[in-house]
Amino acid sequence: MRKKTKLIHGGITGDELTGAVNVPIYQVSTYKQEAVGKHKGFEYSRTGNPTRHALEELIKDIEGGTRGFAFGSGMAAITSVFMLFNAGDHVIMTDDVYGGTYRVVSKVLNRFNIETTLVDTSSIEEIKKALKPNTKAVYVESPTNPLLKVTDLKATAELTKEHDLLFIVDNTFSTPYWQTPIEYGADIVLHSATKYIGGHSDVVAGLVVVNSEQLGEDLHFIQNSVGGILGPQDSYLLIRGIKTLGVRMEEIESNTKRVVEFLQQHPKVTKIYYPGLKDHPGYAVHIAQATGFGGMLSFDVGSAEKADQVLAKTKYFTLAESLGAVESLISVPAKMTHASIPKERREELGITDGLIRISVGLEDAEDLIEDLQEALQ
Ligand SMILES: *Cc1c(COP(=O)(O)O)cnc(C)c1O
């Protein structure tokens with residue numbers, strides 16, 4: 001099955017009982033048992049719910065893993081994955097990781113003695129230098145947020161296998177439509193499904209796919225114990241979103257290319273970060289492991305004042321956190337998504353006050369370009 005077909009025919013399709021072509025929303029918490037312990041596979045909806053199960057099967061198929069899990073948010077998914085570790089364990093992570101991920105590891109999980117080191121994972125040498133006797137995993141985002149840095153998934157997987165570490169990939173930006181990290185040796189792939197997978201700014205959710213039966217059992221134990229599950233209504237909305245993921249990503253990418261071309265020739269734009277540009281440092285690695293570049297890009301206009309002026313003027317680019325929706329979104333990472341990262345650290349990373357991040361949506365590219373043209377003036 002090819003990708004666009006799998007988005008529609010993967011997992012569990014329809015309802016055997018009625019012939020309905022969609023999986024119904026099983027708005028239910030508990031299930032009748034014929035005798036004690038004798039049931040049809042569902043006992044209680046924290047443990048398992050048929051609509052959530054259909055979504056979990058679908059994302060498992062799309063990412064090419066052994067088992068899928070749906071959580072109430074991307075952060076619930078990430079935190080649950082970290083519950084696989086014990087106090088005293090060490091995890092190496094991408095340095096410009098999503099702000100909320102940085103916050104949970106540096107302000108919450110540190111209290112449980114789970115230690116993290118942030119390095120530029122686009123360099124295998126940097127990952128090697130950070131290895132310690134208690135290192136248990138390497139956690140990467142590729143491309144990253146908001147600088148679109150690219151990590152070599154295959155090379156990282158070779159390193160993690162050699163040292164018996166888990167390799168975890170946050171695949172939110174690429175989506176499984178463009179990139180399936182398990183194919184390159186990742187053990188766990190996760191998503192903020194709030195973004196492209198849901199795609200319509202109407203659901204907050206997280207998804208995880210693992211590549212082994214053991215990890216599947218371990219993570220199900222955590223999902224059921226900690227309880228950060230996704231509800232049936234939101235599970236249904238994600239299944240619905242996934243059906244159009246392919247057409248959305250194709251159209252978003254074609255719009256993004258047009259926007260990038262426009263920004264490239266604009267005198268007020270000092271720098272553009274987009275993995276689809278041949279002079280982007282991660283370009284060669286990215287095209288070796290992904291079939292598309294997505295709709296995220298950042299550009300620098302030089303100062304916080306100029307960035308504020310642009311943000312105040314756009315009419316189709318909505319000023320909002322988040323990304324990956326049908327509507328184009330615009331933000332200033334330093335003041336919004338990455339505000340929880342201390343200023344000195346942000347500057348070290350290149351997340352300047354004049355850096356603007358956009359998530360290109362599905363509007364007409366001409367309107368998006370005109371909008372940016374006027375705002376930049
Ligand atoms: C948004 C986001 C998250 C967090 O997901 P929520 O659904 O907001 O909890 C994690 N990683 C990345 C890359 C994100 O963009």
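The model shown is predicted, which means the values in this text are computed figures rather than measured ones.

**Some words on the overall build of the protein**
- Summing up its helical and strand segments, the protein has 14 helices and twelve strands in all.
- Against the compact-globule benchmark of 21 Å for 377 residues, the protein has a radius of gyration of 21 Å, which places it among compact chains.
- When contacts within the protein are restricted to residue pairs at least 6 apart in sequence, those whose partners lie at least 24 apart make up 72%.
- Approximately 16200 Å² of the protein is accessible, and the part contributed by carbon and sulfur atoms is 51%.
- Both charge centroids of the protein, one from 38 positive and one from 49 negative side chains, sit 2 Å from each other.

**Remarks on the packing of aromatic side chains**
- Applying the stated criterion across every chain yields a total of six aromatic pairs.
- Ring centres of Y283 and F293 lie 6.0 Å apart, and the angle between their planes is 15°; this geometry places the pair in the stacked category. Residue Y283 is located in helix α11 (residues 283-289), and its partner F293 is located in the loop between α11 and β9 (296-300); the two are separated by ten residues in the primary sequence.
- One aromatic cluster is present, formed by F82, F85 and Y139 through successive ring pairs.

**Considering the nonpolar core**
- Judged by nonpolar contacts, the single largest core of 49 residues is most densely connected at L55, F167, Y196, I197, L207, L238 and I242.
- Of the residues forming this core, the biggest block, five residues, is contributed by helix α2 (residues 50-63).
- The next biggest cluster of nonpolar side chains, apart from the first, holds 28 residues, and it includes V260, Y283, F299 and A334.

**A short note on the domain arrangement of the protein**
- Split by domain assignment, the protein resolves into domain 1 (3-243) and domain 2 (246-376).
- Counting from both sides, the interface comprises 38 residues of domain 1 and, opposite them, 43 residues of domain 2.
- Looking at the side of domain 1 facing domain 2, the largest losses of area belong to L147, W178 and Y196, adding up to 27% of the total buried there.
- For the pair domain 1 and domain 2, the interface holds zero salt bridges.
- Connecting domain 1 to domain 2 are 14 residue pairs in polar contact (both at pLDDT 80 or more).
- Counting only elements with at least two residues in the side of domain 1 that touches domain 2, the list comes to α1 (3-9), α4 (99-108), α6 (153-162), α7 (175-178) and α9 (232-243).

**Section: the site of the ligand**
- In the vicinity of the ligand, 13 residues are found, and the nearest of them are M75, D170, S192, T194 and K195.
- Interatomic distance of 2.9 Å between a backbone N/O atom of G74 and an oxygen atom of the ligand.
- In this structure, an oxygen atom belonging to the ligand sits 2.6 Å away from a side-chain N or O atom of T194.
- About the coverage of the ligand: the protein hides 92% of its 380 Å² of free accessible area.
- Sort the elements by how many residues they give to the shell around the ligand and helix α3 (residues 74-82) lands first, with three residues.
- When the residues that make up the shell around the ligand are grouped by side-chain class, the tally is five nonpolar, five polar and three charged.

**Focus on the packing of α3 against α4**
- Put simply, α3 and α4 touch, their axes get as near as 10 Å, and they point 40° apart. Taken together, the axes of α3 and α4 lie oblique to each other. In terms of crossing hand, the pair formed by α3 and α4 is right-handed. Between α3 and α4, the contacting residues are M75, I78, T79 and F82 on the first element and G100, T101, V104 and V105 on the second.
- For the contact of α3 with α4, the class distribution of residues is five nonpolar, three polar and no charged.

**Looking at unusual backbone geometry**
- Going from S142 to P143, the amide bond is cis rather than trans, its omega being -5°.
- Residue position: P143 is located in the loop between β4 (135-141) and α6.
- Cis geometry marks the peptide bond from N145 to P146; its omega dihedral reads 5°.
- Structurally, P146 can be placed in the loop between β4 and α6.
- For N113, which is not glycine, the phi dihedral falls at a positive 65°.
- Looking at where N113 falls in the secondary structure, it is placed in the loop between α4 and β3 (115-119).

**Looking at the pattern of salt bridges**
- On inspection of all chains with the given rule, the structure shows 17 salt bridges.
- A salt bridge links K257 to E253; the nearest nitrogen and oxygen atoms lie 3.5 Å apart. Taken as a pair, K257 and E253 lie in helix α10 (residues 245-264) at a separation of four residues, close to a single helical turn.
- Among the salt bridges present, the one from K315 reaches E374, with a minimum N-O distance of 3.6 Å. With K315 in the loop between α12 (304-313) and β10 (318-319) and E374 in helix α14 (residues 365-376), this residue pair connects regions lying 59 residues apart in the sequence.
- The network of salt bridges with shared partners includes E57, K60 and D61.

What counts, and where the lines are drawn
Residues numbered from 1 in each chain as written. Predicted model: local features only at pLDDT ≥ 70, side-chain atom pairs only at ≥ 80, totals over all residues. Heavy atoms only, no water. Helix = DSSP H or I, 4+ residues; strand = E, 2+ residues; numbered from the N terminus. Rg over C-alpha atoms; globule rule 2.2 N^0.38 Å. Contact = heavy atoms within 4.5 Å. Areas by Shrake-Rupley, 256 points an atom, 1.4 Å probe, with all protein chains shown as cover. Lys, Arg positive; Asp, Glu negative; His and termini not counted. Charge placed at Lys NZ, Arg CZ, Asp CG, Glu CD. Phe/Tyr/Trp six-rings, centres within 6.5 Å; stacked < 30°, edge-to-face > 60°. Core = buried A, V, L, I, M, F, W, Y, C linked by side-chain atoms within 4.5 Å. Buried < 20%, exposed > 50% of the residue type's maximum accessible area, 1.4 Å probe, protein only. Domains from an automatic or database assignment. Buried area = accessible area lost by both parts, 1.4 Å probe. Salt bridge = Lys/Arg side-chain N within 4 Å of Asp/Glu carboxyl O. Polar contact = N/O pair within 3.5 Å; in protein donor to acceptor, adjacent residues only side chain to side chain. Near = heavy atom within 4 Å. Nonpolar A, V, L, I, M, F, W, Y, C, P; charged D, E, K, R; others polar. Axes fitted to C-alpha atoms, helices over the stretch in contact; angles between N-to-C directions. Parallel < 35°, antiparallel > 145°, perpendicular 65-115°, else oblique. Left-handed = near helix turned anticlockwise from the far one by under 90°.

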